[in-house]
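Observations on chain architecture
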Amino acid sequence: MTYARPRIDLPGQKTNEIGLALHDYEGSLSTLCAGCGHDSITAALVQALWEMSIAPEKLIKMSGIGCSSKTPAYFVHGAHGFNSVHGRMPSVATGALAGNRALIGIGVSGDGDSLSIGFGQFGHVIRRNVNMLYLIENNGVYGLTKGQFSASADAGSTSKRGEVNQMQNINAVATAISMGASFVGRSFSGDREQLVPLIKAAIAHPGCAVLDVISPCVTFNDHQGSTKSYAYVREHRHKAMETDLISPRAEIKASYYAGDTHPVRLHDGSTILLRKVDPDYDPTRRNNALGFLERHRSRGEIVTGLLYIDQNVTDMHTQSRTVRTPLKDLEFERLNPGSEALEKLQLGMK
Amino acid sequence: MKPTDTSNPEYFHKVVDCQWGCPAHTDVPEYIRLIAQGRFDDAYMVNRESNVFPAILGRVCDRPCEPACRRGRMDEKPVAICRLKRVAADHRGDITDRLPVAPTEKNGKKIALVGAGPASLTVANDLMPLGYECTIFEAQSVAGGLMRYNIPAFRLPIEVLNEEIDYILDMGVEIHYNHRVESMKELLDQGYDAVFVGSGAPRGKELKLPGRYDTENIHIGIDWLESVAFEHIDSIGKRVLIVGVGNTAMDCCRTSLRLGATDVKVMARKPREFFKASVWELEDAEEENVEIVVNHSPKEFVVEEGKLKGMTFELMEYVIENGRILDQDVTGEVFIPCDDVVLAIGQENAFPWIERDLGIEFNPWEEPMVDEVTYEATRKGVFFGGDSAFGPKNIIWAVEHAHQAAISIHRHCHGEPLEDRLPDRMNLQTRKMGMHEWSYSNSFDPAARRKMMHVPLEVRFTELGKEVELGFDAEQTAKEVERCLNCDIQTVFTDSLCIECDACLDICPTQCLTITSNGEREDLVQRLMAPVLEHEQPLFVSHELKQTSRVMVKDENFCIHCGLCAERCPTAAWDMQKSLLEFPQAVDYVRGNESGKRPCQQRKAG
Ligand SMILES: Cc1cc2nc3c(=O)[nH]c(=O)nc-3n(C[C@H](O)[C@H](O)[C@H](O)COP(=O)(O)OP(=O)(O)OC[C@H]3O[C@@H](n4cnc5c(N)ncnc54)[C@H](O)[C@@H]3O)c2cc1C
Ligand SMILES: Cc1ncc(C[n+]2csc(CCOP(=O)(O)OP(=O)(O)O)c2C)c(N)n1
Ligand code: SF4
Ligand code: SF4
Ligand code: SF4
Ligand SMILES: [Mg+2]
């Protein structure tokens, strides 16, 4: 009569390059509704981080408010974290990663958190190109406050009680691309095969990688009339792209290039392989990407895959010419040169 | 793969590994839960229904259930199933009013049973309540067979034995002691409606080496143990060699120590991995400072002037690969002095008293030809069971043979075909109580197996019949019951309800679940969340799921029956349901009793 998830290390259990088991990337037991898409995304994050052998202490998980924003508690219990106020995760992330550029940042947000209350912050973290994975768990509602339409709800879709949404929706992906994001993808919580490699590519990408993951809310938005239900998304999905992340150490097999496949080499030496499912698509050209998205949206289709990538956009640290060393590792004298140095600086501004 | 038919009781039966491993299909997890609740009487009765001798078996069962136990696969030891059986038996109250009773009005059918070992006793147990008149002929002056005069009292106390045998005899079984059946022909001529042969495998194997018959100090193990049990022998020399390393050898060496031997060696021809004795019996013997000597092959008994001096052995060397001996070599010879030798190298069944012209056929090895389903011999109306049927096995097998033979006897006496057997039955019932509440202890307890405490060595040898094992105390019991994974609380899947949200896959602590596209088995197993390690354990494959036409696949192997999948499923597509399996016994074949009510069936599902 208990509800606790035991840790069971089975004989023959696999470990990653740094000797950790998948279990080591888990967090505390989810308190979300059973069947929530957010939990599947959590599992995909666990899988991706384990496969990438990321040391838990190198990771920082940040979020705002919402069911989605609770999920950082459910993966990698050994990582750093910050659960901020509603819609303010981008500020906290910007600060944290400005202070310690060696951290791997993951921000988990919701459609309400990012596209309603936090819409302004969302735009600026993209503009600054803060090196992080910005993951929106998109369910079309405010789950935590019992299912009001969020800014991502499609016009004409209905709530559980039958009201029709009159307002136009904010399309997270199109918004991000048009605001100059360097990496934009969309996926579905119910498709782990697509999601895990996308997460890995997003983490490897040197800049702000926005992933809009449709994540059905089983309790308030999984009915007929919803455009974010398991059934609707499965029926209307259009896969544009499959992604693979090849680590710098791994050899690239010829078979990876079968079909319409393009490698995108990243600065750290790893490679993102893009396998086009839809030949009518080029994710490295902004106008092509936006046009493609719009064409399919008008047909009622939900495009998924890595939709736009430009790894040459400068990131926050380059833009601001910040010091290479994480602030915590700077000697005190360099971090705090003293009042004399301050005075000198101020004199120079006179 | 084809969707799994879970309505076939065999599927869920295989998931309950202990019950599948038990020849008599004892409902282990059910009785363990009853013990956990302190319901010892109920736990005892659940046992008795299938294995008839819970107190006896709780001490000396061969325990095929334990190596099968799922818990043993989680990188640890199995649940101490046998020890818990003893707990149920030791702590039961007076259950006599729950035992089967024989009706005063008989059905007019008379059955003769040869021997009063566990096999015959079980046949009587099953048939007496149906109105049969059972008559046992037993060569010895007491009942119990090898359980009484070969299994030593320090493992199985006489009172324990008597009590459970009396439960059966007290139903009014007619038993003739000191009555060895010398002629099957004569027995058949007496007009019984059926004859059951439960005479065991009473002949110990010989070791015909030079010197064998030149001294009185070489004994056949099972005969020697019998003489000890009947107090015809009460001493042995100081230095004893036991030849052979099976369970009989273990009883012989430990008995020797209690009769005055101080230097006891068990001589094995092969290395340890080839020993026949159960691990725990070896451990118990070694705890008593018995020395186990490997790679010694007996060559000669050295007898001088009628006095045994010792034995010579050839020193063996083996080439072993993957647990098999590929080659062997003699590297030398050694003489080991001793005062007595006990031969414990096996036993066989022997039927000098069955005439060979009665239509009861024997194979070239002088073993009776017995049907493996009906236990009938080639002569109609004659049945075999226990060690007499297929050679020496153990008590629990004898019991299961007897249950089956009893069904056949009943069918035979009513002119019904023996081969037509009732199917096994299964009843599934949900264990959900509410949010996060299941009516069984579903949490996983990482505790290690509790260790049985033993009487100290110095006390042990003061008295031949001093029981060595103390039994579990309350604290040990409380811990051990929680180790059981409740494998009978099944994960039952309703495919039409699944919305493919993956919640169950993600929560499962052992990754037994996968949703993937269907395929042939070899292909499918490549795509599971965790590698398939136990190929014997069947895979569950659902029908196609509604949204994507993929299938839910479950590898039962590592399921710990924690219920988290059912807990996290938003649509209750997974549910935890107790599988109550019923294996028909003779009583279920009685006309008008199709409802399945058994005289002793007073179990309540816990
Ligand atoms: C040393 C030893 C230790 C063992 N330890 C264990 C153990 O720990 N656990 C376990 O499960 N099993 C153990 N076994 C095996 C187990 O005892 C037998 O498998 C089991 O008793 C077989 O039961 P049965 O009814 O077939 O025959 P038996 O128990 O052999 O009973 C046969 C009976 O028939 C009688 N009989 C034989 N011929 C005639 C005749 N012609 N007329 C009348 N009566 C006759 C015999 O006197 C005997 O009473 C052990 C065996 C030995 C030898
Ligand atoms: C400043 C502020 N305003 C409003 C709220 C109430 N509130 C809590 S969660 C939430 C919406 C969350 O929606 P979303 O980000 O989509 O997350 P979901 O629960 O759907 O995953 C709101 C409005 C709040 N906590 N703080
Ligand atoms: S864990 Fe319990 S139910 Fe499962 S096989 Fe072992 S004893 Fe039987
Ligand atoms: S009961 Fe369900 S969650 Fe628990 S181990 Fe078995 S399949 Fe996994
Ligand atoms: S939790 Fe239930 S609905 Fe979800 S995938 Fe599992 S069985 Fe299907
Ligand atoms: Mg939301």
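All values derive from a computational prediction rather than experimental measurement.

Side note on the overall build of chain A
Along its length, chain A carries twelve helices and 13 strands. The C-alpha atoms of chain A give 21 Å as radius of gyration, which agrees with the globular expectation for 350 residues (20 Å, within 12%). Projected onto its principal axes, the C-alpha positions of chain A cover 70 × 55 × 50 Å. Looking at chain A as a whole, 53% of its 350 residues are labelled buried. Partitioning the intrachain contacts of chain A with sequence separation of at least 6 by distance along the chain shows that 71% fall at a separation of at least 24. Per element, the accessible surface of chain A, about 15700 Å² overall, is 53% carbon and sulfur.

Some words on the packing of helix α8 (residues 118-127) of chain B against helix α16 (residues 395-413) of chain B
Residue and element names in this part refer to chain B. Here α8 crosses α16 at 40°, and the two axes come no closer than 8 Å. In terms of axis orientation, α8 runs oblique to α16. For the element pair α8 and α16, the recorded crossing hand is right-handed. Here Pro118, Ala119, Thr122, Val123, Asp126 and Leu127 of α8 come into contact with α16, specifically with Ile395, Ala398, Val399, Ala402, His403, Ala406, Ile409 and His410. The class makeup of the residues in the contact of α8 with α16 is ten nonpolar, three polar and one charged.

Section: the coordination of the magnesium ion (ligand 6)
Around the magnesium ion (ligand 6), the donor atoms from the protein are A:Asp111 (OD), A:Asn139 (OD1) and A:Val141 (O), and they sit 2.1 to 2.2 Å away. For the magnesium ion (ligand 6), the donor residues sit on a single chain with the sequence spacing D-x27-N-x1-V.

Examining the domain arrangement of chain B
Segmentation of chain B into domains returns domain 1 (20-97 + 445-483), domain 2 (102-202 + 349-413), domain 3 (204-346) and domain 4 (489-582). On a C-alpha basis, the centres of domain 3 of chain B and domain 4 of chain B stand 52 Å from each other.

Here we look at the interface of chain A and chain B
Taken residue by residue, the interface counts 28 residues in chain A and 33 residues in chain B. Between chain A and chain B, the buried area comes to about 2600 Å², and carbon and sulfur atoms account for 56% of it. Between B:Arg568 and A:Asp39 there is a salt bridge; the shortest N-O distance is 2.5 Å. Linking chain A with chain B are twelve residue pairs in polar contact (both at pLDDT 80 or more), by the criterion used here.

Topic: helix α14 (residues 279-287) of chain B
Residues and elements named next belong to chain B. Those residues of α14 not exposed but buried are Glu281, Leu282, Asp284 and Ala285. Along α14, the residues classed as buried sweep out an arc of 165° about the axis, all on the same side. Packing partners of the buried residues in α14 comprise α13 (247-258) and β9 (291-293). Phi turns positive one or two residues past the end of α14, at asparagine 289, with a value near 70°.

Concerning the sheet that holds strand β16 (residues 425-430) of chain B
All names here are of chain B. Reading across from one edge, β16-β23-β19 is the order of the three strands in this open sheet, with antiparallel pairing throughout. Sheet topology places β16 and β19 (489-493) at the edges, where each strand pairs with a single neighbour. Neighbouring strand axes in the sheet, compared pairwise and without regard to direction, differ in orientation by 45° on average. Bridge count between β16 and strand β23 (residues 574-582): six bridges; the pairing is antiparallel. The residue of β23 that forms the bridge with arginine 425 is glutamate 582.

Details of the site of ligand 5
Taken together, 15 residues surround ligand 5, and among them B:Cys498, B:Cys501, B:Asp502, B:Cys504 and B:Cys569 come closest. Residue classes in the shell around ligand 5 are distributed as twelve nonpolar, one polar and two charged.

Some remarks on the sheet that holds strand β22 (residues 551-555) of chain B
Residue and element names in this part refer to chain B. Strand order in this open sheet of three strands is β20-β22-β21, and the pairing throughout is antiparallel. For this open sheet the edge positions go to β20 (513-516) and β21 (539-541), each flanked by a neighbour on one side alone. Neighbour-to-neighbour, the strand axes of the sheet open up by a mean angle of 20°, direction not taken into account. Across four bridges, the pairing between β20 and β22 is antiparallel. Within β22, the residue paired with threonine 516 across the bridge is valine 551.

Looking at the pattern of salt bridges
Residue and element names in this part refer to chain B. Under the defined criterion, the tally for this structure stands at 59 salt bridges over all chains. Ionic pairing is found between arginine 550 and glutamate 500, a salt bridge with its closest N-O pair at 3.0 Å. In this pair, arginine 550 sits in the loop between β21 and β22 while glutamate 500 sits in the loop between β19 and α19 (503-507), placing the two residues 50 residues apart along the sequence. One exposure class covers both arginine 550 and glutamate 500, and it is buried. Through salt bridges with shared partners, a single ionic network connects Asp27, Glu30, Arg33, Asp488 and Lys578.

Concerning the nonpolar core
One finds B:Leu127, B:Met184 and B:Phe384 to be the most contacted residues of the largest nonpolar core, which totals 79 residues. When residues in this core are grouped by element, the largest group, ten residues, is from α16(B). Both domains that furnish three or more residues to this core are identified here as domain 1 (20-97 + 445-483) and domain 2 (102-202 + 349-413) of chain B. Apart from the residues within four sequence positions on either side, B:Met184 is in contact with B:Val195, B:Val197, B:Trp353, B:Ile354, B:Glu355, B:Leu358, B:Ile360 and B:Val382. Core analysis: the next-biggest nonpolar cluster, separate from the first, contains 70 residues, A:Ala48, A:Ala172, A:Val213 and A:Phe292 among them.

Description of the environment of B:Phe444
As for its placement among the helices and strands, B:Phe444 is situated in the loop between β18 (437-438) and α17 (457-460). In this structure B:Phe444 comes out as buried when scored by relative accessible area, which is 16%. Between the C-alpha atom of B:Phe444 and that of B:Pro538, which follows or precedes it by 94 residues, the distance is 23 Å. Excluding its chain neighbours within four sequence positions, the residues that come into contact with B:Phe444 are A:Pro6, A:Ile8, B:Arg71, B:Glu76, B:Leu485 and B:Ile560.

Reading the values: rules and limits
Residues numbered from 1 in each chain as written. Chains lettered and ligands numbered in written order. Predicted model: local features only at pLDDT ≥ 70, side-chain atom pairs only at ≥ 80, totals over all residues. Heavy atoms only, no water. Helix = DSSP H or I, 4+ residues; strand = E, 2+ residues; numbered from the N terminus. Rg over C-alpha atoms; globule rule 2.2 N^0.38 Å. Buried < 20%, exposed > 50% of the residue type's maximum accessible area, 1.4 Å probe, protein only. Contact = heavy atoms within 4.5 Å. Areas by Shrake-Rupley, 256 points an atom, 1.4 Å probe, with all protein chains shown as cover. Axes fitted to C-alpha atoms, helices over the stretch in contact; angles between N-to-C directions. Parallel < 35°, antiparallel > 145°, perpendicular 65-115°, else oblique. Left-handed = near helix turned anticlockwise from the far one by under 90°. Nonpolar A, V, L, I, M, F, W, Y, C, P; charged D, E, K, R; others polar. Donors = N, O, S within 2.8 Å, 3.2 Å for Na, K, Ca; no water. Domains from an automatic or database assignment. Buried area = accessible area lost by both parts, 1.4 Å probe. Salt bridge = Lys/Arg side-chain N within 4 Å of Asp/Glu carboxyl O. Polar contact = N/O pair within 3.5 Å; in protein donor to acceptor, adjacent residues only side chain to side chain. Arc of directions from axis to C-beta. Pairing = 2+ DSSP bridges. Near = heavy atom within 4 Å. Core = buried A, V, L, I, M, F, W, Y, C linked by side-chain atoms within 4.5 Å.

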